[in-house]
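Residue-level structural notes
Listed below are the residues making up each chain.
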Amino acid sequence: MDFQTDKEHSLLMSMYASFAEEEVKPLAKEVDEEERFPVETVEKMARYGMLGIPIPKEFGGAGGDNLGYVMAVEAMSKVCGTTGVILSAHTSLCAAPIYEFGTPEQKQKYLPALAKGEKLGAFGLTEPNAGTDAAGQQTTAELKGDHYVLNGSKLFITNAGYADVYVIFAMTDKSKGTRGISAFIVEKEMPGFSIGKKEEKMGIRGSATCELIFENVKVPAANLLGAEGKGFGIAMKTLDGGRIGIAAQALGLAQGAIDETVAYVKERKQFGKSLAQFQNTQFQLADMQAKTDAARLLVYKAACCKDAKLPYSVEAATAKLFASETAMEVTTKAVQLHGGYGYTREYPVERMMRDAKITEIYEGTSEVQRMVISANMLK
Ligand SMILES: Cc1cc2nc3c(=O)[nH]c(=O)nc-3n(C[C@H](O)[C@H](O)[C@H](O)COP(=O)(O)OP(=O)(O)OC[C@H]3O[C@@H](n4cnc5c(N)ncnc54)[C@H](O)[C@@H]3O)c2cc1C
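First, a word on scope: everything that follows refers to the structure included in this document. (Residues numbered from 1 in each chain as written. Predicted model: local features only at pLDDT ≥ 70, side-chain atom pairs only at ≥ 80, totals over all residues. Heavy atoms only, no water.)

Membership of the largest hydrophobic core comes to 59 residues, with the highest contact counts inside it found for Y16, V70, M76, L87, I244 and V299. For this core, the secondary-structure elements that each account for two or more residues are α1 (7-33), α2 (39-47), α3 (66-79), α4 (81-101), α6 (231-267), α7 (279-307), α8 (313-337) and α9 (349-359). Broken down by element, the residue count for this core peaks at eleven residues, all from α6. Sequence-distant contacts of V70, defined by excluding residues within four places in its chain, comprise I244, A248, V299, Y300 and A303. Among the nonpolar cores identified, the runner-up in size contains 25 residues, and A115, V165, I234 and A235 belong to it. (Core = buried A, V, L, I, M, F, W, Y, C linked by side-chain atoms within 4.5 Å. Buried < 20%, exposed > 50% of the residue type's maximum accessible area, 1.4 Å probe, protein only. Helix = DSSP H or I, 4+ residues; strand = E, 2+ residues; numbered from the N terminus. Contact = heavy atoms within 4.5 Å.)

Below you can see the structure in the form of structure tokens.
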């Protein structure tokens, strides 16, 4: 066991921190208020090689590990939750399953552009009637000659519209239940594929969340990801990895809110003292930091298990559950310690509190994470 960050990861951390401070933080308020997808930030992340951190160099990636990748998501989310989820959905939910389950041809065709950030990725599993119960897929895919024909819709898809490559799940055989679900690589330009309603959200407002519509979309049979009927397993394994990314987003939000609060309570004076001199402030801050540090260890542990090719499904669920609930608690306390000013949009903590809430919901709600953890305990 070694809790010291090695030289390589320390260097990465400081590079990501300065990128976040210089390029991401100045735009965070505007991106939230205007509900604007930060196209320029995505282009800059691409230039820094940040859109393919854990993808091997032979496929155009940075050849890094998952620990380095979660450090990047954490650093971006400290200043902008929107940027954190764009990076996480692209890497964990689109590039990763193509890398893990793709054929050599699919990897050659799609990974270099995704890893270099020339193309952005997304993941479409959720439907109006299939959220937590993801097995209830209604989108269909029918094999006709050398292509599948997709019909149906997806809801709440992160990066929709800005993404070029989508990993999509559909029923190839309804009679087989979860064994009848298959995964496909769908391209933005395929005829019959369109983007529907854009959601108006409480938080992560710069991130695009839209409906996807499939009307007789012809997807080449060569774009079937994994074997026919193996889609549900691919979705679940992909979400295990994605949960580490969302846990890192939650961790960044919590630490970002603490940093803002520490600076604020040192400056703000009441009763002739700075807020930092009241014991309540000190104790609140201590609790916020202790929980955030505990969350960090869980997030890094889950990433290290994935890097070591050890099982990480329960570790990812534990990290996501604890980090997201910590983010919600810590950001709420940060608003409280800012008093009335915390409730205004002049300070970033209200945005961080709004952004934190979604981390308890997407990529499996907290209830789903509890199901995963307890099922492992009781098996
Ligand atoms: C901003 C945003 C971005 C998203 N991005 C993506 C994306 O990129 N790709 C994608 O595929 N999906 C995405 N989603 C969908 C997201 O993963 C789902 O919203 C989430 O999994 C919950 O599904 P649901 O909304 O249908 O809620 P429901 O399944 O209807 O759940 C409602 C409530 O009931 C609880 N519940 C349900 N079943 C049980 C049970 N058996 N026991 C106990 N409690 C239960 C849930 O925990 C929750 O609290 C996104 C959602 C949002 C809001």
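Another point: the packing of aromatic side chains. Tallied over the entire structure, the rule returns ten aromatic pairs. Aromatic pair F19 and Y48: ring centres 4.7 Å apart, planes at 65 degrees, arrangement edge-to-face. Here Y48 lies in the loop between α2 and α3 and F19 lies in helix α1, a separation of 29 residues in the sequence. Both rings, one in Y341 and one in Y347, keep their centres 6.3 Å apart while their planes meet at 75 degrees; by these two values the pair is edge-to-face. Assessed through its relative accessible area of 39%, Y341 is described here as partly exposed. Three or more aromatic residues joined by ring pairs form one cluster here, namely Y166, F193 and F214. (Phe/Tyr/Trp six-rings, centres within 6.5 Å; stacked < 30°, edge-to-face > 60°.)

This paragraph deals with the packing of α3 against α6. In contact at an axis separation of 7 Å, α3 and α6 are set at 40 degrees when each is read in the N-to-C sense. With respect to each other, α3 and α6 are oriented oblique. Note on packing geometry: the crossing formed by α3 with α6 is right-handed. Two secondary-structure elements touch here, α3 through Y69, V70, V73, E74, S77 and K78 and α6 through I244, G245, A248, Q249, L251, G252, L253, Q255, G256 and D259. For the contact of α3 with α6, the class distribution of residues is seven nonpolar, six polar and three charged. (Axes fitted to C-alpha atoms, helices over the stretch in contact; angles between N-to-C directions. Parallel < 35°, antiparallel > 145°, perpendicular 65-115°, else oblique. Left-handed = near helix turned anticlockwise from the far one by under 90°. Nonpolar A, V, L, I, M, F, W, Y, C, P; charged D, E, K, R; others polar.)

Located in the positive-phi region is E35, a residue other than glycine, with phi close to 50 degrees. Positionally, E35 belongs in the loop between α1 and α2. Residue E35 is classed as partly exposed on the basis of its relative accessible area of 23%. Residue N159 is not a glycine yet carries a positive backbone phi of 75 degrees.

Let us look at the pattern of salt bridges. Following the criterion strictly, the structure yields 23 salt bridges and no others. A salt bridge links R205 to E35, with the shortest nitrogen-to-oxygen separation between them at 2.8 Å. With R205 in the loop between β6 (193-198) and β7 (209-220) and E35 in the loop between α1 and α2, this pair connects stretches of sequence that are 170 residues apart. The closest approach of N and O atoms between K291 and E329, which form a salt bridge, is 3.0 Å. You can see K291 sitting in helix α7 and its partner E329 sitting in helix α8, a full 38 residues away along the chain. Overall, the relative accessible area of 30% leaves K291 in the partly exposed class. Judged by relative accessible area, E329 falls into the partly exposed class, the value being 32%. Among the charged side chains, a salt-bridge network with shared partners connects E30, E34, R36 and E40. (Salt bridge = Lys/Arg side-chain N within 4 Å of Asp/Glu carboxyl O.)

Everything listed here is a matter of geometry and, on its own, says nothing about what the molecule does.
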